[in-house]
Amino acid sequence: QVQLVESGGGGVQPGGSLRLSCAASGSIFSIAAMGWYCQAPGKQRELVANIASGGRPNYADSVKGRCTISRDTAKNTVYLQMNILKPEDTAVYYCNALITIAPQRRQVDYWGQGTQVTVSS
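Residues numbered from 1 in each chain as written. Predicted model: local features only at pLDDT ≥ 70, side-chain atom pairs only at ≥ 80, totals over all residues. Heavy atoms only, no water.

Undergrad: Looking at this structure, I do not really get the nonpolar core. What am I missing?
TA: The nonpolar side chains of a soluble globular protein tend to be buried, and buried together. In this structure, Trp36, Leu80, Tyr93 and Ile99 are the most contacted members of the largest nonpolar core, which totals 35 residues. Counting residues per element, this core draws most heavily on strand 9 (residues 91–101), which supplies six residues. (Core = buried A, V, L, I, M, F, W, Y, C linked by side-chain atoms within 4.5 Å. Buried < 20%, exposed > 50% of the residue type's maximum accessible area, 1.4 Å probe, protein only. Helix = DSSP H or I, 4+ residues; strand = E, 2+ residues; numbered from the N terminus.)

Below you can see the structure in the form of structure tokens.
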């Protein structure tokens, strides 16, 4: 079994910052990509940022210049540094990882449980 455990969400004022973390654990052979999605009330889940192994980060236009995604491959962890937060960033943020599980060597798409980010004055 594989688990993705997220942390770092919470409430912040407009213009503030948050750092989200997501650690993958379990029967992991390799991780092809990790990323973050968000889902606001009444809206579909959408990509915030992702990064493939050995690849360049990919960002949604709405967060370019304000957010930075990074990975610690040794720790199977992905981070999302969010700066200059806006009220429209309020959403539940989900970690996503494309993982080859062991010993089956089968690739599976995993999701975290979600962490709430609320930007409000």
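More follows now that the structure is in view.
Undergrad: What is the right way to read the pattern of salt bridges from this model?
TA: Pairing between side chains of opposite charge can happen when their charged atoms approach one another. By the definition in use, this model includes two salt bridges. Residues Arg66 and Asp89 are paired through a salt bridge, measuring 2.8 Å at the closest nitrogen-oxygen approach. Taken together, the residues span a long stretch of sequence, with Arg66 in the loop between strand 6 (57–59) and strand 7 (67–72) and Asp89 in the loop between strand 8 (77–82) and strand 9 at a distance of 23 residues. By relative accessible area, Asp89 is classed as buried at 8%. (Salt bridge = Lys/Arg side-chain N within 4 Å of Asp/Glu carboxyl O.)

Undergrad: Any chance you could explain the side chain of Asn96 here in plain terms?
TA: Tracing the backbone shows Asn96 in strand 9. At a separation of 3.0 Å, a polar atom in the side chain of Asn96 contacts the side chain of Asp109. A polar side-chain atom of Asn96 sits 3.1 Å from the main-chain carbonyl oxygen of Tyr110. Setting aside its immediate chain neighbours within four residues, Asn96 contacts Leu4, Ala33, Met34, Gly35, Tyr37, Asp109, Tyr110 and Trp111. (Polar contact = N/O pair within 3.5 Å; in protein donor to acceptor, adjacent residues only side chain to side chain. Contact = heavy atoms within 4.5 Å.)

Undergrad: What's the story with the state of the cysteines in this structure? I'm lost.
TA: Disulfide: a covalent bond formed between the sulfur atoms of two cysteine residues. Taken as a whole, this structure holds one disulfide when the rule is applied. Residue Cys22 pairs covalently with Cys95 via a disulfide, S to S 2.1 Å. Since a negative S-S torsion denotes a left-handed disulfide, the Cys22-Cys95 link at about -80° is left-handed. Here Cys22 is found in strand 3 (residues 18–26), whereas its partner Cys95 is found in strand 9, with 73 residues between them in sequence. In this structure, Cys22 and Cys95 share a single accessibility class: buried. Looking at Cys38, it has no disulfide partner, and the nearest cysteine sulfur is the one in Cys67, 9.4 Å off. The class for Cys38 is buried, based on a relative accessible area of 12%. (Disulfide = S-S within 2.5 Å.)

Undergrad: Sorry, what's going on with the pairing of strand 8 here?
TA: The side chains of a regular strand alternate between the sheet's two faces. The buried count for strand 8 comes to five of six residues, which makes it a mostly enclosed element. Pairing of strand 3 with strand 8, which is carried by six bridges, proceeds in the antiparallel orientation. Pairing of Leu20 across the sheet is with Leu80, part of strand 8. The sheet contact formed by strand 7 and strand 8 spans six bridges and is antiparallel. Its bridge partner lying in strand 8, Cys67 is registered against Met82. Once strand 7 ends, the chain turns through four residues before running back antiparallel as strand 8, passing Asn76 with a positive phi of about 50°. (Pairing = 2+ DSSP bridges.)

Undergrad: Would you take a moment to explain the side chain of Asp89 for this structure?
TA: A polar atom in the side chain of Asp89 sits 2.8 Å from the side chain of Arg66. A polar atom in the side chain of Asp89 sits 2.7 Å from the backbone nitrogen of Lys86. In this structure Asp89 touches Arg66, Ile84, Val117 and Val119, once residues within four positions along its chain are discounted.

Undergrad: Looking at this structure, how should I read the sheet that holds strand 7?
TA: Hydrogen bonds along the backbone pair up the strands of a sheet, which may run parallel or antiparallel. Spatial strand order, 1-3-8-7: four strands in an open sheet with antiparallel pairing. With one partner strand each, in any of the chains shown, strand 1 (2–7) and strand 7 form the two edges of the open sheet. On average, each strand axis in the sheet is inclined to that of its neighbour by 15°, with strand direction left out of account. (Axes fitted to C-alpha atoms, helices over the stretch in contact; angles between N-to-C directions.)

None of this, on its own, says anything about what the molecule does.
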